[in-house]
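Okay, here's what each chain looks like letter by letter:
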Amino acid sequence: MLEGAKLVAAGVATIALAGSAVGIGSIFASLIDAVARNPSLAKQLFGYAILGFALTEAIALFAPMMAFLISSVFRSRTPIKEILCLDSQYSLPVIDRLKESCPFIMKIIMRIGSVFR
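This is a predicted model, so every value here is computed, not measured.

*Asks:* Which residues make up the overall build of the chain, and what values go with them?
*Replies:* In terms of regular secondary structure, the chain is built from six helices and zero strands. The buried share of the chain, taken over its 117 residues, is 17%. Partitioning the contacts of the chain with sequence separation of at least 6, the portion at a separation of at least 24 is 60%. As presented, the chain carries roughly 8600 Å² of accessible surface, and 71% of it is formed by carbon and sulfur atoms.

Set out below in structure tokens:
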């Protein structure tokens, strides 16, 4: 039953993609309307529209990320130390660099991992 609830939660997490699609459509509809009213500001308005598009699309990328986390990472009973190769002899180069350069971030990751045990 718990697995089914996690899959439903992952599906619900992707509903944000519909909201971002509406937001992007609204941004470019407003751009067309504004350029039709004042064509001399088209270049400046296009820059603002691209900025709005980028921010809206960034929010849209969080939905699949959350769906992946809910369906994959939280499903396993593997401790976060093993997922990140922190205790094993085979470690990823990125994790090694993170251990050396950002010990504070590694402490945060370990605290988050202890919550899900």
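*Asks:* I'd like a rundown of the side chain of S20, residues and numbers included.
*Replies:* Along the chain, the position of S20 falls in helix α2 (residues 16–37). Overall, S20 belongs to the buried group, its relative accessible area being 9%. Not counting residues within four places of it along the chain, the set of residues in contact with S20 comprises T56 and A60.

*Asks:* Break down a nonpolar patch on the surface for me, with residues and values.
*Replies:* A cluster of nonpolar side chains, contributed by I59, F62, M65 and M66, occupies part of the molecular surface with about 380 Å² of accessible area. Inspection of the secondary structure assignment puts F62 in helix α3 (residues 42–73).

*Asks:* Any chance you could break down the packing of aromatic side chains for me, citing the residues and the numbers?
*Replies:* Each aromatic ring pair is summarised here by two numbers: the centre-to-centre distance and the angle between the ring planes. Taken as a whole and judged by the stated rule, the model has one aromatic pair. Here F28 and F53 contribute two aromatic rings whose centre-to-centre distance is 5.9 Å and whose plane-to-plane angle is 55°, an arrangement assigned as tilted. With F28 in helix α2 and F53 in helix α3, this residue pair connects regions lying 25 residues apart in the sequence. Classification of F28 by relative accessible area gives partly exposed; the value is 27%.

*Asks:* Can you lay out the environment of I24 for me, pointing to particular residues and giving the numbers?
*Replies:* Along the chain, the position of I24 falls in helix α2. Between the alpha carbons of I24 and A49 there is a distance of 9.1 Å; along the sequence they are 25 residues apart.

*Asks:* Could you give an account of the side chain of T56, naming the residues involved and the relevant values?
*Replies:* Note that T56 resides in helix α3. Excluding anything up to four places from it in sequence, T56 contacts S20, G23, I24 and I27.

*Asks:* Describe α2, naming the residues involved and giving the relevant values.
*Replies:* With 22 residues, α2 extends 32 Å from end C-alpha to end C-alpha; this agrees with the ideal 32 Å at 1.5 Å per step. Regarding α2, the residues found buried are S20, I24 and L31. All buried residues of α2 project into a common sector of 40° when viewed along the axis, lining one side. Exposed side chains of α2 directed beyond 90 degrees from the buried face belong to V22, I32, A36 and R37.

*Asks:* Quick one: what's the story with the pattern of salt bridges, residue by residue and with numbers?
*Replies:* On inspection of all chains with the given rule, the structure shows one salt bridge. Across the pair R37 and D33 runs a salt bridge, and its minimum N-O distance is 3.7 Å. Residue R37 and its partner D33 are both found in helix α2; the two are separated by four residues, about one turn of the helix. For D33, a relative accessible area of 41% puts it in the partly exposed group.

What counts, and where the lines are drawn
- Residues numbered from 1 in each chain as written.
- Predicted model: local features only at pLDDT ≥ 70, side-chain atom pairs only at ≥ 80, totals over all residues.
- Heavy atoms only, no water.
- Helix = DSSP H or I, 4+ residues; strand = E, 2+ residues; numbered from the N terminus.
- Buried < 20%, exposed > 50% of the residue type's maximum accessible area, 1.4 Å probe, protein only.
- Contact = heavy atoms within 4.5 Å.
- Areas by Shrake-Rupley, 256 points an atom, 1.4 Å probe, with all protein chains shown as cover.
- Patch = residues over 30% accessible without salt bridge, like charges linked within 9 Å, V, L, I, M, F, W, Y side chains within 5 Å.
- Salt bridge = Lys/Arg side-chain N within 4 Å of Asp/Glu carboxyl O.
- Phe/Tyr/Trp six-rings, centres within 6.5 Å; stacked < 30°, edge-to-face > 60°.
- Expected span 1.5 Å × (residues − 1).
- Arc of directions from axis to C-beta.

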